[in-house]
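Below are the chains, spelled out letter by letter.
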Amino acid sequence: MGVVNVTADSFSDGGLFLETTRAIDHGLRLREEGADLVDVGGESTRPGALPVPLDEELRRVIPVVEALVRENVPVSVDTLKPEVMRAALDAGCAMVNDVNGFRAPGAIEAVAASKAAVCAMHMQGKPATMQADPRYGDVLAEVAAFLSERALALEAAGVARESIVLDPGFGFGKTLEHNLALFRGLPRLAALGYPVLVGVSRKRLIGDLTGRPVAERVAGSVAAALLAVQNGASLVRVHDVKETVDALRVWLGLNCPIAPPKK
Ligand SMILES: Nc1nc2ncc(COP(=O)(O)OP(=O)(O)O)nc2c(=O)[nH]1
């Protein structure tokens, strides 16, 4: 899953793709680089981010979704707002990615009637305050329980089980320790029975482990994507698609079981 942030303030590429044609070109480039899905968002959810007004988010996102859909690019819309979900679904998006886990009033209803895939992510608190002092008794158990409850709520509303993807939400109300526990617990999250999406690309977790600034986190992000897949992730949400796709192709190629030597 490639990332197209149509925003002014995203933590790693804010402003680069705020202009519609630049966002569309970036989405097309990510598809050429091997992305299976392009995640289009119009509101930064970085720690401390403030919400974007609905009309502005629609203005940013929908033209990009429409253009990419016209070019047969599978598109995911990254939004918390039911109105943006509905508009993006009308525009033909293939997935609705909600970092708020479809908890907003009307969010589940917005996707229940569609055939699109949905990604429900765990977030403790809100972007503006979530990193102030995140606390858990047992982060893996609590995130697993939340994601299971969200999946059941979506299925109860009519969303097909095979359309549901779950995401532990790295960096969304988590300390480094919480992120590490969730990463090591990916096999348990995958055992919930739904595809797991992992988004750690260029994030603080990578910076904590490498000491690198945001602009120098490609290698660390690629390593994390490989390990996420090895630990059971079915989707990885990345900014650096070409590098990640190449690494996954080599990993898969080298990882395939070698046929036993003929007797
Ligand atoms: N499902 C899912 N969606 C996400 N959306 C945004 C971000 C934050 O990354 P980015 O979009 O690059 O930054 P910003 O929120 O500042 O635009 N992370 C995730 C994630 O981990 N999982």
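Under an unreviewed UniProt entry, the name given to the protein chain is dihydropteroate synthase, and the source organism is Usitatibacter palustris. Quoted straight from UniProt, the Cofactor (unreviewed entry) entry for the protein chain says "Mg(2+)". Listed in UniProt under the heading Catalytic activity (unreviewed entry), the comment for the protein chain reads: "(7,8-dihydropterin-6-yl)methyl diphosphate + 4-aminobenzoate = 7,8-dihydropteroate + diphosphate".

Further remarks concern the overall build of the protein chain. Scanning the protein chain from terminus to terminus reveals 10 helices and 8 strands. Relative to a compact globule of 263 residues, whose C-alpha radius of gyration would be 18 Å, the protein chain shows 18 Å and is just as compact. In the protein chain, buried positions account for 52% of the 263 residues. If you average the places of the 28 positive and of the 32 negative side-chain charges in the protein chain, the two averages end up 5 Å apart.

Orientation of helix α2 (residues 54–70) relative to helix α3 (residues 82–90), taken along the N-to-C sense of each, is 20°, at an axis distance of 10 Å. It follows from the interaxial angle that α2 and α3 lie roughly parallel. Between α2 and α3 the crossing geometry is right-handed. Facing L54, E57, L58, I62 and V65 of α2, the residues of α3 in contact are E83, V84, A87 and A88. For the contact of α2 with α3, the per-class residue count stands at 7 nonpolar, no polar and 2 charged.

Attention now goes to the site of the ligand. Close to the ligand lie 18 residues, the nearest being S10, S44, D167, K203 and H239. Contact distances for the ligand include 2.7 Å between an oxygen atom and a side-chain N or O atom of S44. Summarising the interface, the protein chains cover 99% of the accessible area of the ligand, which totals 480 Å² for the free molecule. For the shell around the ligand, the residue count by class is 6 nonpolar, 7 polar and 5 charged.

The feature "domain: Pterin-binding" (unreviewed entry), as annotated in UniProt, sits at residues 1–249 in this numbering. Along residues 1–249 the backbone is 43% helical and 12% strand, and the end-to-end C-alpha distance reaches 15 Å.

Within this structure, the stated rule accounts for 1 aromatic pair. Ring geometry for F170 against F183: centres 5.8 Å apart, planes inclined by 55°, an arrangement best described as tilted. Residue F170 is found in the loop between β6 (164–167) and α6 (176–184), and its partner F183 is found in helix α6; the two are separated by 13 residues along the sequence. The buried category is assigned to F170, whose relative accessible area is 1%. When its relative accessible area of 12% is taken as the criterion, F183 is described as buried.

Conventions adopted
- Residues numbered from 1 in each chain as written.
- Predicted model: local features only at pLDDT ≥ 70, side-chain atom pairs only at ≥ 80, totals over all residues.
- Heavy atoms only, no water.
- UniProt positions renumbered as here; feature names shortened; annotations may be inferred.
- Helix = DSSP H or I, 4+ residues; strand = E, 2+ residues; numbered from the N terminus.
- Rg over C-alpha atoms; globule rule 2.2 N^0.38 Å.
- Buried < 20%, exposed > 50% of the residue type's maximum accessible area, 1.4 Å probe, protein only.
- Lys, Arg positive; Asp, Glu negative; His and termini not counted.
- Charge placed at Lys NZ, Arg CZ, Asp CG, Glu CD.
- Axes fitted to C-alpha atoms, helices over the stretch in contact; angles between N-to-C directions.
- Parallel < 35°, antiparallel > 145°, perpendicular 65-115°, else oblique.
- Left-handed = near helix turned anticlockwise from the far one by under 90°.
- Contact = heavy atoms within 4.5 Å.
- Nonpolar A, V, L, I, M, F, W, Y, C, P; charged D, E, K, R; others polar.
- Near = heavy atom within 4 Å.
- Polar contact = N/O pair within 3.5 Å; in protein donor to acceptor, adjacent residues only side chain to side chain.
- Areas by Shrake-Rupley, 256 points an atom, 1.4 Å probe, with all protein chains shown as cover.
- Phe/Tyr/Trp six-rings, centres within 6.5 Å; stacked < 30°, edge-to-face > 60°.

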